[in-house]
Amino acid sequence: MIKIGFIGVGNMAKAIIKSLKNSSNNNFIIGGFDIDKNFKNICKNLKIKKYGSNSELVKNSDAIFLSIKPQQISDVLNEIRQVIKNQMLISIAAGVSIRKIQKLLRKKIPVIRVMPNTPVLVGEGACGYSFSKEVSTKQKKIAEKIIKSFCKIYFCVKEHDIDVITSLSGSGPAYFFYIIEAMIEQAKAFGFNETKAKMLAAQTLTGTGKLLLTTGEEPSILRQRVTSKGGTTEAALEIFEKNRLKEIIKKGISAAYKRAKELGR
Ligand SMILES: NC(=O)c1ccc[n+]([C@@H]2O[C@H](COP(=O)([O-])OP(=O)(O)OC[C@H]3O[C@@H](n4cnc5c(N)ncnc54)[C@H](OP(=O)(O)O)[C@@H]3O)[C@@H](O)[C@H]2O)c1
């Protein structure tokens, strides 16, 4: 059995715990600690072990999730520094580097840095992850088993690529929400029902993602296939091209990448 402890049982941790519980080869014993006054009920609902402190959790876990906000990392690492031995730390905190975690701990312990995204909340997560060189082969296997149970698409990458993943799939949901907002606004402007527009746009996004993943075709090929000469799609795409929408999107992603790098420093 693998004992997994969650420091901070907020939105992301809850989603990960639910996925771990539902995973087919579940040999995890899950526990957590959180300063939330409702924590007792949270543990009861999630059916996880309730620890009395972060130190107690660390002493009793093989893998420890840092699922707190980035600004809470420093205090938490300070608190667990004395008790952590060679257990692996799995950090999902955005913008916090492996080096920073080890520096704050003043210990070169095994760290796995994971960059998930909010679709984890509905079992549709994607992530990139990186190992510090202290992570043993056995720990890597366990970490990957854990990651696979809460993300559908996952890639092990060099740590500097975590910034690319942050700007792509980490912030990605917000880009698509932005596009969907525009689609709904325009449908409403035509006098169409807002709720129906939202559902149609959301299913179009879900279906489009599925088409791309299941056919394995290039997105440009799939796009061309729905763009007939003189048709409606072509009329829209002409406007996008004329206004250099692709360039604007690339600029936005570059700004997110730059910000991820700045936050990591
Ligand atoms: N949401 C995303 O899209 C996303 C994507 C990728 C990565 N992440 C990362 O995931 C992490 C968690 O995000 P989240 O949205 O799940 O945050 P969250 O809902 O705020 O969860 C964090 C929890 O930790 C608790 N906490 C604070 N200080 C603590 C301490 N000293 N010991 C134990 N628990 C403590 C918080 O309690 P209080 O609320 O009382 O402070 C809260 O319940 C963040 O680092 C974020 O960067 C999030």
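Residues numbered from 1 in each chain as written. Predicted model: local features only at pLDDT ≥ 70, side-chain atom pairs only at ≥ 80, totals over all residues.

1. Regarding unusual backbone geometry
Step number 1: Its identity as a non-glycine residue notwithstanding, Arg 106 has a phi of 55°, on the positive side.
Step number 2: Within the fold, Arg 106 resides in the loop between helix 5 (98-105) and strand 6 (111-115).
Step number 3: Despite not being glycine, Arg 244 shows a phi value in the positive range, around 50°.
Step number 4: The residue Arg 244 is located in the loop between helix 11 (232-242) and helix 12 (245-264) in this model.
Step number 5: By C-beta crowding, Arg 244 is classed as exposed, having 11 other C-beta atoms within 10 Å. (Helix = DSSP H or I, 4+ residues; strand = E, 2+ residues; numbered from the N terminus. Buried ≥ 20, exposed ≤ 12 C-beta atoms within 10 Å, placed from the backbone.)

2. Some words on the pairing of strand 5 (residues 88-91)
If a strand is regular, its side chains alternate between the two faces of the sheet.
Step number 1: By the alternation rule, side chains of strand 5 split into Met 88 and Ile 90 and Leu 89 and Ser 91, which are all buried.
Step number 2: Pairing of strand 4 (residues 63-66) with strand 5, which is carried by four bridges, proceeds in the parallel orientation. Each bridged residue has a counterpart across the sheet, and for Ile 64 the counterpart in strand 5 is Leu 89.
Step number 3: Between the parallel pair strand 4 and strand 5, the chain is carried across by helix 4 (residues 73-80), and the sense of this crossover is right-handed.
Step number 4: In this view, the connection linking strand 5 to its parallel neighbour strand 6 by way of helix 5 has right-handed handedness. (Pairing = 2+ DSSP bridges. Right-handed = clockwise from strand over helix to strand, strands pointing away.)

3. A few points about the domain arrangement of the protein
For an interface, size is often stated in terms of accessible area lost upon the parts coming together.
Step number 1: Once the domains are mapped, the protein shows domain 1 (2-157) and domain 2 (170-264).
Step number 2: Computed over C-alpha atoms, the centres of domain 1 and domain 2 are 33 Å apart.
Step number 3: Each partner contributes to the interface: domain 1 provides seven residues, whereas domain 2 provides six residues.
Step number 4: Grouping the constituent residues of the side of domain 1 that touches domain 2 by class yields three nonpolar, four polar and no charged. (Domains from an automatic or database assignment. Contact = placed C-beta atoms within 7 Å. Nonpolar A, V, L, I, M, F, W, Y, C, P; charged D, E, K, R; others polar.)

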